[in-house]
Amino acid sequence: MQQTADKNSIQYRIVLGILFLEFSWLLFSGVGWSGLHGDSFFSLGVDPLAWLVHWAGFTGAAMTHLWVARLNDLLTLILIISLFQNPRNRVVAIILFLLMMGYYVFLTSRLGHRNYQAGMFLVLFPFMFAGRSRQLAFEGMRYFLLFFYASAAFYKLVHGGLWDMTLFSGYLPSQWSPYFLEGNTGWRTSLAVFLWNHPVVAQMAYWGGFLTEAVCLVGFITRRVDRLIGFALLLFHLADWVLMDIGAVGQLAFIMVLFFNYAEDDASDRAVS
Amino acid sequence: MKKTYLSRLFAHSRLAGMAVVVFMAAYAFVSFKSLNFIFFPLNDMYSGRGPQEQVFQTYSILADGRRVSYSRFPYWKKDLMESSLKTYAEYLLNGKKTMLQDYFERKGYPEFFTRALCPDSLSVVNWPRWYIHMAGLPAPSDSIVIRQYSLSKSSRGLTVVDTKDILKENIND
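> Residues and numbers for the overall build of chain A, please.
Within chain A, the secondary structure is distributed over 13 helices and zero strands. For chain A, the succession of helices and strands along the chain, N to C, is α-α-α-α-α-α-α-α-α-α-α-α-α. Taken against the 2.2 N^0.38 rule, which gives 19 Å for 273 residues, the C-alpha radius of gyration of chain A at 20 Å falls within 12% of a compact globule. For chain A, the residues scored as buried account for 58% of the 273 residues in total. Just so you have it, chain A exposes about 10,800 Å², and 70% of that area is on carbon and sulfur atoms. Taken together, the 16 basic and 16 acidic charged side chains of chain A have centroids lying 7 Å from each other.

This is how it looks when you write it as structure tokens:
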């Protein structure tokens, strides 16, 4: 049992280590709590959770008081480190989950649209439980992750995107327009130009994305190919960045869940808590 | 035979099992209604027919006549500066209303309900200054312009075919 607990701790720390790097990247990019301080313009969608966060004043205080924004940045880093040190501390996990969820809502409200990287706080959900509950929460989250990507394949199939041979080449120019406007061109913009001049090749890349998402369905039948699915999704996001300029930072720790081997370690939880 | 996830969950905790069943039912309902919530994401981006237009719009802020560039920033900052500027431009073009403000007005929601969910019209006026500061540039002393660029596709890239100023602010006036 102790061996299982040790193995789980290593896995938890890998996930939390990646989350730490992701949040550090967000801070470095200048879009942490303090980076967004003073950003008075926001646009919310119809989403009761995002409304709740705004009604609670969670985002308003960070927008108007720089010290609150800085404190939130610091607190987030400290809490991730603290959870890294003791991944079984559920109190820290709950506070961190709420803080990261608030940050995600804050960030996406300033973007004006909701980005897909909700994994930055969803990954903390199982850490709020102990023992067998934690194991089952990780398993449930794994299904949620698989469903998230598999549903994208489903929509491509039923909404007809797969069969429109001009779809992917049609989207590329708008994805890269700021780069051309600012004369900031390079190998990725050259690749984009090649693809919009060759719509069939572009659509083949789109089919590759569809297949990667569809392969997540296998995860509902067996867990034996989880790592393969995990690598495929990482490759998918890399291709997404190269071809569409859509980054994956914020979602990587979440995908790491597929590299997990969930084993119960009730005894160690009792021993630690 | 191996037990399913739900049966193991119910065996462990009936409450947790019920919570997951309710979650799945809610997700099915929300997806059926094509709604997109944080806990029920509708992952249907780029799934329908491709865009048919041949002209693509993008926006820039010009501070004292100089374009505020953002494409060289790290990914998240670049995304923030691109997306928020587009949303702000749409806000201006939509009579200074966000999509949600429009929705609330049409539905007749009371002001106390919507206040925290919509940007304050007075402080939003200064948003372009915040944006320029975010880009690491000094505060403009002469003018701020928000320009819409129309770009057309060619075999070698994108070229500007039209521009339209959607905000012009002379600071000294």
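On we go.
> So, the pairing of strand β3 (residues 143–154) of chain B: which residues are in play, and what are the values?
Residue and element names in this part refer to chain B. Bridge count between strand β1 (residues 55–63) and β3: nine bridges; the pairing is antiparallel. Bridge pairing links Thr58 to Tyr149 in β3. Both β3 and strand β4 (residues 157–170) contribute to a ladder of 12 bridges, which runs antiparallel. Its bridge partner being in β4, Tyr149 is matched across the sheet by Thr163. Here β3 folds back onto β4, and the loop between the two strands holds two residues.

> Kindly report on the environment of Gly140 of chain A, identifying the contributing residues and their values.
Along the chain, Gly140 of chain A turns up in helix α7 (residues 131–158). Taking C-alpha positions, Gly140 of chain A is 17 Å from Arg224 of chain A, a pair spaced 84 residues apart along the chain.

> An account of the interface of chain B and chain A is needed here, citing residue identities and associated values.
Contacts between the two partners involve 70 residues from chain B and, on the opposite side, 84 residues from chain A. Interface area for chain B against chain A, summed over the two sides, is near 6,700 Å², with a carbon-plus-sulfur share of 64%. Among the residues of chain B in contact with chain A, Ile38, Tyr46 and Trp76 of chain B are the three that bury the most area, contributing 15% of the side total. On the surface where chain B and chain A come into contact, there are two salt bridges. Taking the shortest distance from any N to any O, the salt bridge between Lys78 of chain B and Asp245 of chain A comes out at 2.6 Å. Along the contact surface separating chain B from chain A lie 28 residue pairs in polar contact (both at pLDDT 80 or more). The residue inventory of the side of chain B that touches chain A, partitioned by class, reads 38 nonpolar, 21 polar and 11 charged.

> With reference to specific residues and values, describe unusual backbone geometry.
The phi dihedral of Asp245 of chain A is positive, around 60°, even though this residue is not glycine. Within the fold, Asp245 of chain A resides in the loop between α11 (226–244) and α12 (252–255). Overall, Asp245 of chain A belongs to the buried group, its relative accessible area being 5%. If you check the backbone angles, Asp64 of chain B has positive phi at about 50° while not being a glycine. When you line up the elements, Asp64 of chain B lands in the loop between β1 and β2 (66–67).

> Describe the pairing of β1 of chain B, and please don't skip the residues or the numbers.
Residues and elements named next belong to chain B. Judged by how many residues are buried, β1 sits mostly within the fold: seven of nine residues are covered. Here two bridges tie β1 to β2, and the two strands are oriented antiparallel to one another. Looking across to β2, one finds that Leu62 is bridged to Arg67. Remark: two residues form the turn of the hairpin made by β1 and β2, two consecutive strands paired antiparallel; Asp64 in that turn has positive phi of roughly 50°.

> Just give me the short version of the environment of Val46 of chain A, but keep the residues and values in it.
Among the structural elements, Val46 of chain A can be located in the loop between α1 (2–29) and α2 (48–55). Relative accessible area serves as the criterion here: at 32%, Val46 of chain A is assigned to the partly exposed category. Contacts of Val46 of chain A, omitting those with residues within four sequence positions, involve Trp51 of chain A together with Asn36, Phe37, Leu100 and Tyr103 of chain B.

> Tell me about the confidence of the model for chain A, and name the residues and values.
Detail in the predicted coordinates should be disregarded across regions flagged by low pLDDT. Looking at chain A as a whole, its pLDDT mean stands at 92, while 95% of the residues score no less than 70. Ignoring residues within four places in sequence, the model shows residues 267–273 of chain A, a span with pLDDT below 50, making eight contacts including any to other chains.

So, how was this worked out
Residues numbered from 1 in each chain as written. Chains lettered and ligands numbered in written order. Predicted model: local features only at pLDDT ≥ 70, side-chain atom pairs only at ≥ 80, totals over all residues. Heavy atoms only, no water. Helix = DSSP H or I, 4+ residues; strand = E, 2+ residues; numbered from the N terminus. Rg over C-alpha atoms; globule rule 2.2 N^0.38 Å. Buried < 20%, exposed > 50% of the residue type's maximum accessible area, 1.4 Å probe, protein only. Areas by Shrake-Rupley, 256 points an atom, 1.4 Å probe, with all protein chains shown as cover. Lys, Arg positive; Asp, Glu negative; His and termini not counted. Charge placed at Lys NZ, Arg CZ, Asp CG, Glu CD. Pairing = 2+ DSSP bridges. Contact = heavy atoms within 4.5 Å. Buried area = accessible area lost by both parts, 1.4 Å probe. Salt bridge = Lys/Arg side-chain N within 4 Å of Asp/Glu carboxyl O. Polar contact = N/O pair within 3.5 Å; in protein donor to acceptor, adjacent residues only side chain to side chain. Nonpolar A, V, L, I, M, F, W, Y, C, P; charged D, E, K, R; others polar. pLDDT = per-residue confidence, 0-100.

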